[in-house]
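Breakdown of the fold
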Amino acid sequence: MSLLLPLRVENGRLVQTENLHEAIAAFIELLLTTTCHGTAPDPDFGFIFNNLRFEIFNENEGVIYNSHHGDYEDGSLYGKKVSGTSRSVNTFANELRRAIEAYEKRLDQVAVTMAYLKNEKRIHIHIEGIIRETNEAFRYDTSLNVWN
């Protein structure tokens, strides 16, 4: 059994769900929408892409540029492709896959695809994996609005 996200209390207890797929999807949504360094107990929790929402996004090249000096000056995040798969090292899809593997232990064989749709100003995210407990296929699709 998994806790239901967002957390709810009924009869003095946290509500749990029998639906494992729903619980994993809710956790991934939480991971996607949390900025890194935003939670004191675990500063690495979250998706680093959210930390870059005020940076320069080059739609033609599909990369993010550093608009100020400071954090991440080493270029470890800048220049990564917004569109791509988690098989490519230099993509945000790979960053998301690594975050899911680190925090969502109920999934194996995680694969992430991110696609930027210029006309919609959205990034579509597709996540696949195998649920460890049941060996079932897991699929999750969502999108993020681009700040440009």
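This is a predicted model, so every value here is computed, not measured. Position labels on residues start from 1 in each chain and follow its written sequence. Since the coordinates come from a predicted model, pLDDT governs what is reported: local features require at least 70, and pairs of side-chain atoms require 80 or more to be given and counted, while whole-chain, interface and lining totals use all residues. As a convention, hydrogens and water are excluded, and side-chain values are obtained from all of the structure's heavy atoms.

**Quick word on the sheet that holds strand β9 (residues 122-131)**
A pair of strands is considered paired only if DSSP assigns at least 2 bridges between the two. For helices the rule is a DSSP run of H or I covering at least 4 residues; for strands it is a run of E covering at least 2, with both sets numbered from the N terminus onward. If you walk across this open sheet you meet the 4 strands as β7-β8-β9-β10, and the pairing is antiparallel. In the strand order of this sheet, the two ends are held by β7 (84-85) and β10 (137-145), each with one partner. Two elements, β9 and β10, share 9 bridges in a ladder whose sense is antiparallel. Across the sheet, the residue bridging to Gly129 is Phe138, located in β10. Where helix α1 (residues 20-33) meets the sheet, it contacts β8 (107-117), β9 and β10, and its direction lies at approximately 30 degrees from that of β10. Taken strand by strand, helix α2 (residues 92-103) contacts β7, β8 and β9, and its axis lies near 150 degrees from that of β8. Contact criterion: two residues are considered in contact whenever any of their non-hydrogen atoms come within 4.5 Å of each other. Axis definition: a line fitted to C-alpha atoms, over the contacting stretch in the case of helices. Angles run 0 to 180 degrees between N-to-C directions.

**Points about the pairing of β10**
Summary of the burial criterion: residues with accessible area below 20% of their type's maximum are buried, those above 50% are exposed, and those between are partly exposed, where the area comes from a 1.4 Å probe applied to protein chains only. Residues Phe138, Tyr140, Thr142 and Leu144 point to one face of β10 and are all buried, whereas Ala137, Arg139, Asp141, Ser143 and Asn145, pointing to the other face, are not buried. As consecutive antiparallel partners, β9 and β10 are separated by 5 residues, and within that stretch Asn135 has a phi angle of approximately 65 degrees, a positive value.

**Some thoughts on α2**
For α2, with 12 residues, the first-to-last C-alpha span of 17 Å sits near the 16 Å given by 1.5 Å per residue. Inspection of α2 places Phe92, Ala93, Asn94, Glu95, Leu96, Arg97, Ala99 and Ile100 among the buried residues, and these make up the whole buried set. By definition here, a helix of n residues has an expected span of 1.5 Å times n minus one.

**Quick notes on the pattern of salt bridges**
Here a salt bridge means any side-chain nitrogen of Lys or Arg lying within 4 Å of a carboxyl oxygen belonging to Asp or Glu. This structure, assessed with the given rule, holds 5 salt bridges. Among the ionic pairs, Arg98 bridges to Glu95, the shortest N-O distance being 3.5 Å. With Arg98 and Glu95 both in helix α2 and 3 residues apart, the pair spans about one turn of that helix.

**Examining the side chain of Glu95**
Judged by relative accessible area, Glu95 falls into the buried class, the value being 14%. What Glu95 contacts, discounting residues up to four positions off in sequence, is Phe47, Ile48 and Lys80.

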